[in-house]
Amino acid sequence: MSEARRGTVLGFAAYLIWGLFPLYWPELEPAGALEILSHRVVWSLLVVAGLLLVTGGVRAVLRPALTARQFRLLALAGALIAVNWGLYIWGVNHGHVVETALGYFVNPLVTVALSVVVLRERLRRVQWAAIGIAAVGVVVLTVQAGRLPWIALVLAGSFGSYSLVKKIVGAEPADGLLVETATLTVPAFGYLLAIGATGAGTFSSDGAGHGALLAGAGVVTAVPLLLFAGAAPRVPLSQLGLMQYLTPTIQFLIGVLVRHEPLPPMRLFGFCLVWVALAVFTWESVARQRRARLLRRGEAAALAEPIAS
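A. Looking closely at the overall build of the chain. Looking only at helices and strands, the chain has twelve helices and zero strands in total. Taken from N to C terminus, the helices and strands of the chain fall in the order α-α-α-α-α-α-α-α-α-α-α-α. Of the contacts made within the chain by residues no fewer than 6 positions apart, 89% connect residues no fewer than 24 positions apart. A total accessible area of about 14700 Å² is found for the chain, and carbon and sulfur atoms account for 70% of it.

B. Expanded view of unusual backbone geometry. Omega for the peptide link from Glu29 to Pro30 comes to 20 degrees, which places this bond in the cis form. The topology assignment puts Pro30 in the loop between α1 (3-19) and α2 (33-56). We note that His260 has phi near 55 degrees; this positive angle belongs to a residue other than glycine. Relative to the assigned elements, His260 resides in the loop between α11 (246-258) and α12 (265-308).

C. Local environment of empty space enclosed by the protein. Tallied over the full model, the rule gives two cavities of 30 Å³ or more. Roughly 160 Å³ of internal volume is contained in the largest cavity. Looking at the largest cavity, it is lined by 15 residues, and the ones nearest its centre are Trp18, Asn84, Tyr104, Phe159 and Thr247. Of all the elements, helix α4 (residues 68-93) adds the most residues to the lining of the largest cavity, at four residues. Residue composition of the lining of the largest cavity, grouped by class: nine nonpolar, five polar and one charged.

D. Local environment of a nonpolar patch on the surface. Together, Phe12, Leu16, Leu20, Leu23, Leu253, Leu257 and Val258 line one region of the surface with nonpolar side chains, adding up to about 620 Å² of accessible area. Secondary structure elements with two or more residues in the nonpolar patch: α1 and α11. Sort the elements by how many residues they give to the nonpolar patch and α11 lands first, with three residues. Examined against the element boundaries, Val258 turns out to sit in helix α11. On the accessibility criterion, Val258 (43% relative accessible area) is partly exposed.

E. Structural context of the packing of helix α7 (residues 150-169) against helix α9 (residues 208-231). Following both chains from N to C, one finds α7 and α9 inclined at 55 degrees, their axes separated by 10 Å at the closest point. As far as their axial angle goes, α9 and α7 are oblique. Both α7 and α9 take part in a crossing whose hand is right-handed. Across the interface between the two elements, Phe159, Tyr162, Ser163 and Lys166 from α7 touch Leu225, Phe228 and Ala229 from α9. The residue makeup of the contact of α7 with α9, split by class, is five nonpolar, one polar and one charged.

F. Quick peek at the confidence of the model for the chain. Across the chain, the average pLDDT comes to 82, with 90% of residues at 70 or higher. Within the chain, the lowest mean pLDDT, 56, falls on helix α3 (residues 58-62), and the highest, 91, falls on α4.

Conventions used here
Residues numbered from 1 in each chain as written. Predicted model: local features only at pLDDT ≥ 70, side-chain atom pairs only at ≥ 80, totals over all residues. Heavy atoms only, no water. Helix = DSSP H or I, 4+ residues; strand = E, 2+ residues; numbered from the N terminus. Contact = heavy atoms within 4.5 Å. Areas by Shrake-Rupley, 256 points an atom, 1.4 Å probe, with all protein chains shown as cover. 1 Å grid on protein atoms, 1.4 Å probe; cavity = no way out; pocket = protein on both sides within 12 Å on 5 of 7 lines; lining within 4 Å. Points joined across faces, edges and corners; volume = space filled by probe spheres on them. Nonpolar A, V, L, I, M, F, W, Y, C, P; charged D, E, K, R; others polar. Patch = residues over 30% accessible without salt bridge, like charges linked within 9 Å, V, L, I, M, F, W, Y side chains within 5 Å. Salt bridge = Lys/Arg side-chain N within 4 Å of Asp/Glu carboxyl O. Buried < 20%, exposed > 50% of the residue type's maximum accessible area, 1.4 Å probe, protein only. Axes fitted to C-alpha atoms, helices over the stretch in contact; angles between N-to-C directions. Parallel < 35°, antiparallel > 145°, perpendicular 65-115°, else oblique. Left-handed = near helix turned anticlockwise from the far one by under 90°. pLDDT = per-residue confidence, 0-100.

Okay, structure coming up:
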């Protein structure tokens, strides 16, 4: 399997898991968003540290192979993802699943814009057309809401920036996630100690099953992040950004079919435009990859001809 294809598979798996998150976070109530976020951070660190102990030993945990610049960038990535995680949990648990889905529909547009402006990546005409269709869909969704969709905008901006940092940091996936979560663990653990001392925490007071679900937040957090970190260096940021439509599509379906949030005609029209954009982009990408494979085979056959003769 080529590196590009491996990156595509890893990215697809990460976005699929993220799309199912609205089914998980409500199960952690009565814990509040900040308590859930803190458990995500602490247990994620333990999961990643355990993985590194198994694969690389104690040295891999105590001395990850990173430069000072990579440490700084990963600390920034940790702060960005903490904002994203916390707001997303709050939105899902307060009945805004569809708006959080809008945030992740807007997010690829932010990611693609960053790829063009910061990384100087070039987009093909069909890709620009797909982005234009998606942008119209997002505008329709925003107008239909009748207010500034601040949850969606903050989610989009924070994860788009996180994607950019992960693209340029160049760290091994496990090393990167270890540093990201480690920079957040001190305040997160301090908060858990504080609410535990005051009796406001739910980890030990709401039964073993609830405690296990809170601890499981580390696993469901670490796995897709590791998958995403493995995909980011192998796939162009513009393509990775548009792949992200898988996550909000699943979230949208959960919001409408499971959480029974309203779906007026104008909102449905906006989502349909975004889905058309995704279909256009996917068709163009698959066709281009097929042409590239055929070209490589033709070149290989041409090179082999003189040898055979």
